[in-house]
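Summary of structural features
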Amino acid sequence: MNLFSEIRDLVLDALAQMQDEGALPADLSFDNVTVEPPRDPAHGDMATNAAMVLAKPAGRKPREIAEALAGKLGADARITSAEVAGPGFLNLRLAASVWQGIVGTILERGTDYGRSEMGRGKRVNVEYVSTNPTGPVHVGHTRGAVFGDTLASLLDYAGYEVTREYYINDGGAQVDVLARSVYLRYLEAHGREVAFEDGTYPGDYLVPVGQALKDKVGDAYVGKGEEVWLDEVRALATDAMMDLIREDLSLLGVRMDRFFSEKSLYGTGKIEAAIKDLDDKGLIYRGTLEPPKGKTPEDWEPREQTLFRSTAHGDDVDRPIMKSDGSWTYFAPDIAYHYDKISRGYDLLIDVFGADHGGYVKRMKAAVSALSDGNVPLDIKLTQLVKLWKNGEPFKMSKRAGTFVTLRDVVEQVGPDVTRFVMLTRKNDAPLDFDFDKVLEQSRENPVFYVQYAHARVMSVLRKAGDGGIDTGDATLAGADLSVLAHEAELALARKLAEWPRLVEIAARSNEPHRVALYLYELAGEFHALWNRGNDDPSLRFLQDGDAATSQAKIALARSVAVVISAGLDILGVKPAQEMR
RNA sequence: GCACCUGUAGCUCAGCUGGAUAGAGCGCUGCCCUCCGAAGGCAGAGGCCAUAGGUUCGAAUCCUAUCAGGUGCGCCA
């Protein structure tokens, strides 16, 4: 359904014909031949670089090849002109009926119009959020949550079979700290004075957990050492925190397919099995690391450790997997976790980390490369910081000052739709400004509003048409005589709609969901532009008084814009607006 | 010191994984609503794509070096 790949196939057929006729060598590779929209619309609807790419290997001049190719393509009914331009571009113009046909296709296929077969038969695992289960989801994790969730939806739309996964870090020291914090709240529930020291978590959200513990065990643990209660309190506390986190995520519309517990890797032989796999490959050894140059820690002492030879798979230094007391470092269960993911048969793994974990990327890729013998690619996407603004100034967060901003705080103020969309208006690895005032503003400056407004306008047109007795069912609209959509402004909008399936594939290939948000903004821009033309030129309005047939064709165009916006917003996890208030 | 990310208009950022004369929003300048689709619209000015080399038909995009900012760097996850 991707018009661009259809035309590319047409170009490749023509090239193959030229091979048969001896005009091109038989052993030519066409991999680099592209068909894409030219930056300048004056150059036509599509341009192919075929002649330039093939000139050298074919030993012919680019313009010669282009001329011959133009002759062949001109025979196709869809192509109205094929002109050689510049250094050897072949600029193609497509018949208006092709663009009008796009509208019909959209109305027939609905929001599936942009679905791709690109990922057919491929399974991908997207791991995201994965915050420590020690408290509510912090605003800093919101971007990763939205990014990961949207990426998963995008890949699904592109035909992949997607698993959304959350890795619960419930195996390390921080859940012990959590347990001790809950214990303090438990003592408090029994009327004791407590002090939150040693880095314990003072947040109010643990008060009910302490109370719950009291309700469950009474005063059984009061005055007892932690060897008595730690295990139980830890389990109770992490369960409570995961409930809290799930709740927070659901506020944003984020739902996981699977939660994977780090703890489940301990005492089950899973870590040992993963390390053994590396050991069998000769990648585990005892050794001593060099201190980092230029920044030797004060207390540096050479120490012999069990190391993973990650340098054999692209890392800069080998990494320790075991502490000197014989327990695992945090890296070991991470290796085992990814070993587990690989063994579940995924064709592609994606991890979404915060940018502060950037130093972790190479070793994780090295581990996956080693464990899968280079067969399972791991793509790690880092999400940069979000800077919050309020009343025109940076909004400082501080636990001490009590301005600890959570995901919930943000969502309750601006809503899930705005939160999600805004988080995706920037590339994942670029910092993002989140301005509480601007994201709610109703102006062109605010992309959320701008896109929603476009959709609402279409809905408004449909309502008005319905009031006027015009049938606006998609099936009826698809059957309208679309050839009346002949004005350049209308065709421009149809061309933009034709880009949608291609955009989906590009975004999915590069794992960049923000492209969807940007595309929707552009599409909305084209739509509003056409709408505005209707101010000066009544013949461009969607509703034509007394002419139901023409109205239906124009409504069909508007409706197909709404369909594509809906499809795009659905990927972003945003509900389209029916009307603006 | 090393690694990764970033550097594009006055500001905030896109730039379709190498294409033609590098785009958008805001801001700036000038026009456009007694009424019909102005929670705006049209037009214009504004760029050595951090710098210097290299690869090639062709580079903001790829490679190398340099500069600037951010992040990270052995028993914290």
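Within any chain, residue numbers begin from 1 and follow the written order of that chain's sequence. Working convention: letters from A go to chains and numbers from 1 go to ligands, in the order in which they are written. Predicted model: local features are reported for residues with pLDDT of at least 70 only, side-chain atom pairs are reported and counted for 80 or more only, and whole-chain, interface and lining totals are derived from all residues. Computation of side-chain values: all heavy atoms of the structure, hydrogens and water removed.

For the record, the criterion: UniProt positions are given in the numbering used here, feature names are shortened, and annotations may be inferred rather than shown by experiment.
Per an unreviewed UniProt entry, chain A is named Arginine--tRNA ligase, and its organism is Cribrihabitans marinus. Recorded under Catalytic activity (unreviewed entry), the UniProt text for chain A is reproduced unchanged: "tRNA(Arg) + L-arginine + ATP = L-arginyl-tRNA(Arg) + AMP + diphosphate". Recorded under Sequence similarities (unreviewed entry), the UniProt text for chain A is reproduced unchanged: "Belongs to the class-I aminoacyl-tRNA synthetase family."

Section: the overall build of chain A
This is how the line gets drawn: Numbering goes from the N terminus for both helices and strands, where a helix is a DSSP run of H or I of at least four residues and a strand is a run of E of at least two. Three exposure classes are used, based on accessible area relative to the maximum for each residue type with a 1.4 Å probe and protein chains only: buried under 20%, partly exposed in between, and exposed over 50%. Contact definition: two residues touch when any of their heavy atoms are within 4.5 Å. Areas reported here follow the Shrake-Rupley algorithm with a probe of radius 1.4 Å; residue values treat only the protein chains shown as occluding. Residues scored as positive are Lys and Arg, those scored as negative are Asp and Glu, and His as well as the terminal groups of each chain are ignored. The atoms used to mark charge sites are NZ of Lys, CZ of Arg, CG of Asp and CD of Glu.
Scanning chain A for helices and strands turns up 19 helices and 15 strands. In terms of overall dimensions, chain A has a C-alpha envelope of 85 × 65 × 40 Å along the principal axes. Per-residue burial for chain A yields a buried fraction of 50% across its 581 residues. By sequence separation, contacts in chain A at least 24 residues apart represent 72% of the contacts at least 6 residues apart. Counting every atom, chain A has about 26,800 Å² of accessible surface; 48% of that belongs to carbon and sulfur. Seen as two clouds, the 68 positive and the 88 negative side-chain charges of chain A have centres 2 Å apart.

Concerning the packing of helix H17 (residues 500-509) against helix H18 (residues 514-536)
Counted only if it meets this: Helix axes are fitted only over the stretch in contact, all axes being lines through C-alpha atoms; the angle between N-to-C directions runs from 0 to 180 degrees. When describing relative orientation, an angle under 35 degrees is termed roughly parallel and one over 145 degrees roughly antiparallel, while 65 to 115 degrees is termed roughly perpendicular and anything else oblique. Here a crossing is taken to be left-handed if its near helix is turned anticlockwise relative to the far helix by less than a right angle, and right-handed if that turn runs clockwise. Each residue gets one of three labels, nonpolar for Ala, Val, Leu, Ile, Met, Phe, Trp, Tyr, Cys and Pro, charged for Asp, Glu, Lys and Arg, and polar for the others, Gly among them.
Between H17 and H18, whose axes approach to 9 Å, the crossing angle comes to 155 degrees. Between H17 and H18, the crossing angle belongs to the class labelled roughly antiparallel. For the pair H17 and H18, the sense of crossing is right-handed. When H17 is examined against H18, the residues Trp-500, Leu-503, Ile-506 and Ala-507 are found in contact with a partner set consisting of Arg-515, Val-516 and Tyr-519. The residue makeup of the contact of H17 with H18, split by class, is six nonpolar, no polar and one charged.

Concerning the side chain of Ser-372
Applicable threshold: We call two N or O atoms a polar contact when they sit within 3.5 Å, provided that within protein one can donate a hydrogen and the other can accept it, with sequence-adjacent residues counted only if both atoms are side-chain atoms.
Mapped onto the elements, Ser-372 comes out in the loop between helix H11 (361-371) and strand E12 (378-383). Separated by 2.8 Å, the side chain of Ser-372 and the backbone oxygen of Val-368 make a polar contact.

Thoughts on the sheet that holds strand E3 (residues 79-85)
Rules: In this description, strands pair whenever DSSP reports at least two bridges between them.
With antiparallel pairing, four strands are arranged side by side in an open sheet as E1-E2-E4-E3. Two strands lie at the open edges of the sheet, namely strand E1 (35-36) and E3, each paired on one side alone. Pairing geometry for E1 and strand E2 (residues 46-48), over two bridges, is antiparallel. Residue Val-35 lies in a different strand from E2, and its bridge partner there is Thr-48.

So, the UniProt feature "domain: Arginyl tRNA synthetase N-terminal" (unreviewed entry) in chain A
Feature annotation in UniProt places "domain: Arginyl tRNA synthetase N-terminal" (unreviewed entry) on residues 5-94, given in this structure's numbering. Spanning residues 5-94, this segment combines 41% helix with 20% strand, and its end C-alpha atoms are found 14 Å apart.

Describing the UniProt feature "domain: DALR anticodon binding" (unreviewed entry) in chain A
The positions UniProt marks with the feature "domain: DALR anticodon binding" (unreviewed entry) are residues 451-580. This span, residues 451-580, is 70% helix and 0% strand, and a straight line between its end C-alpha atoms measures 11 Å.

Notes on the sheet that holds strand E14 (residues 393-394)
Spatially, the three strands line up as an open sheet ordered E14-E13-E15, and their pairing is mixed. Where the open sheet ends on each side, the last strands, each with one partner, are E14 and strand E15 (432-435). With four bridges connecting them, strand E13 (residues 386-390) and E15 associate as parallel partners. In the sheet register, Val-386 faces E15, and the bridge partner there is Leu-432.

Thoughts on the packing of helix H16 (residues 488-498) against helix H19 (residues 548-572)
One can describe the packing of H16 onto H19 by two numbers: an axis separation of 11 Å at closest approach and a directional angle of 30 degrees. One element, H16, and the other, H19, form an angle in the roughly parallel class. Crossing of H16 over H19 shows left-handed handedness. In this structure, H16 contributes Glu-490, Leu-493, Ala-494 and Leu-497 to the contact, and H19 contributes Lys-554, Leu-557, Ser-560, Val-561 and Val-564. Partitioning the contact of H16 with H19 into residue classes produces six nonpolar, one polar and two charged.

Topic: the pattern of salt bridges
Basically, it comes down to this: The term salt bridge refers to a side-chain nitrogen of Lys or Arg lying within 4 Å of a carboxyl oxygen of Asp or Glu.
Applying the stated criterion across every chain yields a total of 39 salt bridges. Notably, a salt bridge pairs Arg-344 with Glu-165, separated by 2.8 Å at the nearest N-O pair. On the criterion of sequence distance, the pair formed by Arg-344 in the loop between helix H10 (331-343) and strand E11 (348-354) and Glu-165 in strand E6 (residues 161-168) is long-range, its members being 179 residues apart. Notably, a salt bridge pairs Lys-341 with Asp-351, separated by 3.2 Å at the nearest N-O pair. Of this pair, Lys-341 sits in helix H10 while Asp-351 sits in strand E11, placing them ten residues apart in sequence. By relative accessible area, which is 0% here, Lys-341 ends up buried. On the basis of relative accessibility, which here comes to 0%, the residue Asp-351 falls in the buried class. In the salt-bridge network here, residues are joined through shared partners; they are Glu-165, Lys-270, Asp-340 and Arg-344.

Comments concerning the domain arrangement of chain A
Cut-off, in case you're wondering: Source of the domain bounds: an automatic or database domain assignment. Reported buried area values correspond to the accessible surface (1.4 Å probe) lost by two parts on association, with both partners' losses combined.
The domain boundaries assigned to chain A delineate domain 1 (3-94), domain 2 (173-251) and domain 3 (443-572). If you average the C-alpha positions of domain 1 and of domain 3, the two centres end up 31 Å apart. Each partner contributes residues to the interface: domain 1 has six residues there, and domain 3 has four residues. Both sides of the domain 1 and domain 3 interface together cover about 430 Å² of buried area, and 56% of this is carbon and sulfur. The largest per-residue losses of area from domain 1 upon contact with domain 3 belong to Phe-4, Pro-37 and Asp-45, which jointly make up 71% of the total buried on that side.

A closer look at helix H7 (residues 207-217)
Rule in force here: Relevant arc is that of directions from the helix axis to the C-beta atoms, nothing else.
All of the buried residues along H7 are Val-209, Gly-210, Leu-213 and Val-217. Here the buried residues of H7 occupy an arc of 100 degrees about the axis, which is enough to place them on one side. In this structure, H7 carries Pro-208 and Asp-215 as exposed residues pointing more than 90 degrees from its buried face. Residues of H7 that are buried make contact with helix H6 (173-189) and helix H8 (226-251).

Brief notes about the nonpolar core
Note the cut-off: We call a set of buried Ala, Val, Leu, Ile, Met, Phe, Trp, Tyr and Cys residues a nonpolar core when their side-chain atoms join them within 4.5 Å.
In terms of nonpolar packing, the biggest core is built from 133 residues, with Leu-15, Phe-434 and Trp-500 touching the most fellow members. For this core, the element with the highest residue contribution is H19, accounting for 14 residues. Apart from the residues within four sequence positions on either side, Phe-434 is in contact with Val-386, Lys-387, Leu-388, Trp-389, Val-410, Val-414, Thr-419, Val-422, Met-423 and Val-439. Within the second largest apolar cluster, 32 residues are counted, among which are Leu-278, Trp-328, Ala-370 and Leu-371.

Thoughts on the packing of aromatic side chains
Threshold: We call Phe, Tyr and Trp rings a pair once their centres come within 6.5 Å, taking the six-membered ring for Trp, and we label the pair stacked below 30 degrees between planes, edge-to-face above 60, and tilted otherwise. Only lysine NZ and arginine CZ atoms are considered, and such an atom sits over a ring when it is within 6 Å of the ring centre and within 35 degrees of the ring normal.
Taken as a whole, this structure holds 19 aromatic pairs when the rule is applied. A centroid spacing of 6.0 Å and a plane angle of 45 degrees characterise the contact between Tyr-157 and Trp-500, whose relative ring orientation is tilted. A residue pair is termed long-range when its members are at least 10 positions apart, and Tyr-157 in helix H5 (residues 142-157) and Trp-500 in helix H17 qualify at 343 residues. Taken as a pair, Tyr-157 and Trp-500 share a single burial class, namely buried. Judged by centre distance (5.4 Å) and plane angle (75 degrees), the ring pair of Phe-434 and Phe-436 falls under edge-to-face. The same class applies to Phe-434 and to Phe-436, which are both buried. These aromatic residues form a ring-pair network of at least three members: Phe-308, Tyr-330, Phe-331, Phe-353 and Tyr-360. The cationic tip of Arg-246 hangs over the ring face of Phe-259; the distance from NZ or CZ to the ring centre is 4.5 Å. The ring centre of Phe-4 lies 5.1 Å from the NZ or CZ of Arg-502, which sits over that ring.

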